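# Residue-level structural notes
As a plain string of letters, each chain reads:
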Amino acid sequence: MPIKLVVFDIAGTTVKDDDYVAHAFRNAFVKNGYDISLEQTYPYMGIKKIVAVNAMLAKLGGQSADAGTIYTDFTDEMMDFYTYNASVMPLPYAEEVFQQLKEKGIRIALNTGFPRIIADVIIDRLQWKDKGWVDDIIASDEVEHGRPQPLMIQELMLRASITDPLEVAKVGDTEVDVNEGRNAGCGLVVAVTTGAYTEEQLAAYDPDHIISSLSLLPNLIFNCD
């Protein structure tokens, strides 16, 4: 069935992320007295961030009362980073792929484990809505449950007047991206190795395709029938 909507993740999928999110997540915990390693943060990438904070605290045996402060510290660092840091840029081929999809009349949406306040800073910085490449965006704090639950994709479908999930493709770089696409019943679930997970790690979650570059995505999209 032809794809009418492609839902892309942001950090690590369409926007460069050389562990920037993981470092900010770690820094927020260290600042509040929890000396965790960078590697310990990786399983929480892509997850709704307040949920990720609480899950990490529970694993550490930490104080749940610290969650709000840690979440705020993480959000503040990410806001500062995405507003001012020169490293913030699209991943290779992201904008070219957007253009190719738009030329075929395919709708483009972004979803993320970030809260909306961070997502808006990124999109404004890159001017993706102004350029007409992104039709819609949704963040994890706009639904009751973030990834891997399908609520963000389902809301994007509703807004786009798409009723059949087989007409939707999900593209992301983490376990929860893949599982979100599966739980939504998407017609195509594509994992990319440009972010938090390696090809070996992603293969364990059985996406339809694993690609090393977004340049390989259009052919997968256009060949869906």
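Please refer to the structure higher up on the page.
Residues numbered from 1 in each chain as written. Predicted model: local features only at pLDDT ≥ 70, side-chain atom pairs only at ≥ 80, totals over all residues. Heavy atoms only, no water.

### Notes on the overall build of the protein
If you tally the helices and strands in the protein, you get nine helices and six strands. The C-alpha radius of gyration computed for the protein amounts to 17 Å, which stays within 12% of the reference 17 Å derived for 225 residues, consistent with globular compactness. The buried share among the 225 residues of the protein stands at 50%. Long-range contacts, defined as pairs at least 24 residues apart, comprise 66% of the intrachain contacts of the protein with a sequence gap of at least 6. When the accessible surface of the protein is summed, it comes to about 9800 Å², and 47% of that surface belongs to carbon and sulfur atoms. (Helix = DSSP H or I, 4+ residues; strand = E, 2+ residues; numbered from the N terminus. Rg over C-alpha atoms; globule rule 2.2 N^0.38 Å. Buried < 20%, exposed > 50% of the residue type's maximum accessible area, 1.4 Å probe, protein only. Contact = heavy atoms within 4.5 Å. Areas by Shrake-Rupley, 256 points an atom, 1.4 Å probe, with all protein chains shown as cover.)

### What about the packing of aromatic side chains?
Here the distance between the centres and the angle between the planes together describe a pair of aromatic rings. Applying the stated rule across the entire model yields 11 aromatic pairs. Taking 6.4 Å as the distance between ring centres and 70 degrees as the angle between the ring planes, the aromatic pair formed by Tyr 197 and Tyr 205 counts as edge-to-face. Overall, the relative accessible area of 27% leaves Tyr 205 in the partly exposed class. Three or more aromatic residues joined by ring pairs form one cluster here, namely Tyr 20, Phe 25, Phe 29, Tyr 34, Tyr 44, Phe 74, Phe 81, Tyr 82 and Phe 114. The cationic tip of Lys 104 hangs over the ring face of Phe 222; the distance from NZ or CZ to the ring centre is 5.4 Å. (Phe/Tyr/Trp six-rings, centres within 6.5 Å; stacked < 30°, edge-to-face > 60°. Lys NZ or Arg CZ within 6 Å of the ring centre and 35° of its normal.)

### Brief notes about helix 2 (residues 49–60)
Helix length check: helix 2, at 12 residues, gives a terminal C-alpha distance of 16 Å against a target of 16 Å (1.5 Å per residue), a fit within 8%. Every buried residue of helix 2 is accounted for by Lys 49, Ala 52, Val 53, Met 56 and Leu 57. Here the buried residues of helix 2 occupy an arc of 130 degrees about the axis, which is enough to place them on one side. Turned more than 90 degrees away from the buried face of helix 2, the exposed residues are Ala 58 and Lys 59. Where helix 2 is buried, its residues contact helix 1 (20–31) and helix 3 (67–84). Note on helix 2: the residue one or two positions beyond its end, Gly 61, has a positive phi of about 70 degrees. (Expected span 1.5 Å × (residues − 1). Arc of directions from axis to C-beta.)

### Focus on the nonpolar core
Among soluble globular proteins, nonpolar side chains are generally buried collectively. With 61 residues, the main nonpolar core has Phe 8 and Tyr 82 as its most contacted residues. Counting 19 residues, the second-largest nonpolar core is a separate cluster that includes Leu 5, Met 152, Met 157 and Tyr 197. (Core = buried A, V, L, I, M, F, W, Y, C linked by side-chain atoms within 4.5 Å.)

### Some words on the packing of helix 2 against helix 3
The N-to-C vectors of helix 2 and helix 3 enclose an angle of 130 degrees; their axes lie 10 Å apart at closest approach. Taken together, helix 2 and helix 3 sit at an angle that is classed as oblique. When you trace helix 2 past helix 3, the crossing you get is right-handed. From helix 2, Lys 49, Ile 50, Val 53, Asn 54 and Leu 57 reach across to helix 3, where they touch Ala 67, Ile 70, Tyr 71 and Phe 74. Among the residues making up the contact of helix 2 with helix 3, the classes are represented as seven nonpolar, one polar and one charged. (Axes fitted to C-alpha atoms, helices over the stretch in contact; angles between N-to-C directions. Parallel < 35°, antiparallel > 145°, perpendicular 65-115°, else oblique. Left-handed = near helix turned anticlockwise from the far one by under 90°. Nonpolar A, V, L, I, M, F, W, Y, C, P; charged D, E, K, R; others polar.)

### Notes on the sheet that holds strand 6 (residues 209–211)
Spatially, the six strands line up as an open sheet ordered 3-2-1-4-5-6, and their pairing is parallel. Edge positions in the sheet fall to strand 3 (136–139) and strand 6, since each of these pairs with one other strand and no more. Direction aside, neighbouring strands of the sheet carry axes that sit 20 degrees apart on average. Direction of pairing for strand 2 (residues 107–112) relative to strand 3: parallel, over a ladder of four bridges. Paired with Leu 110 across the bridge in strand 3 is Ile 137. The strands touched by helix 5 (residues 116–126) within the sheet are strand 2 and strand 3, with strand 3 carrying the most contacts at an inclination of about 145 degrees. (Pairing = 2+ DSSP bridges.)

### Points about the environment of Asp 173
Note that Asp 173 resides in the loop between strand 4 (168–172) and helix 7 (175–184). It is 18 Å that separates the C-alpha atoms of Asp 173 and Ile 123, two residues lying 50 residues apart in sequence. Within the local environment of Asp 173, its side chain forms a polar contact with the side chain of Thr 13, the two groups lying 3.0 Å apart. There is a polar contact of 2.9 Å between the side chain of Asp 173 and the backbone nitrogen of Ala 196. (Polar contact = N/O pair within 3.5 Å; in protein donor to acceptor, adjacent residues only side chain to side chain.)

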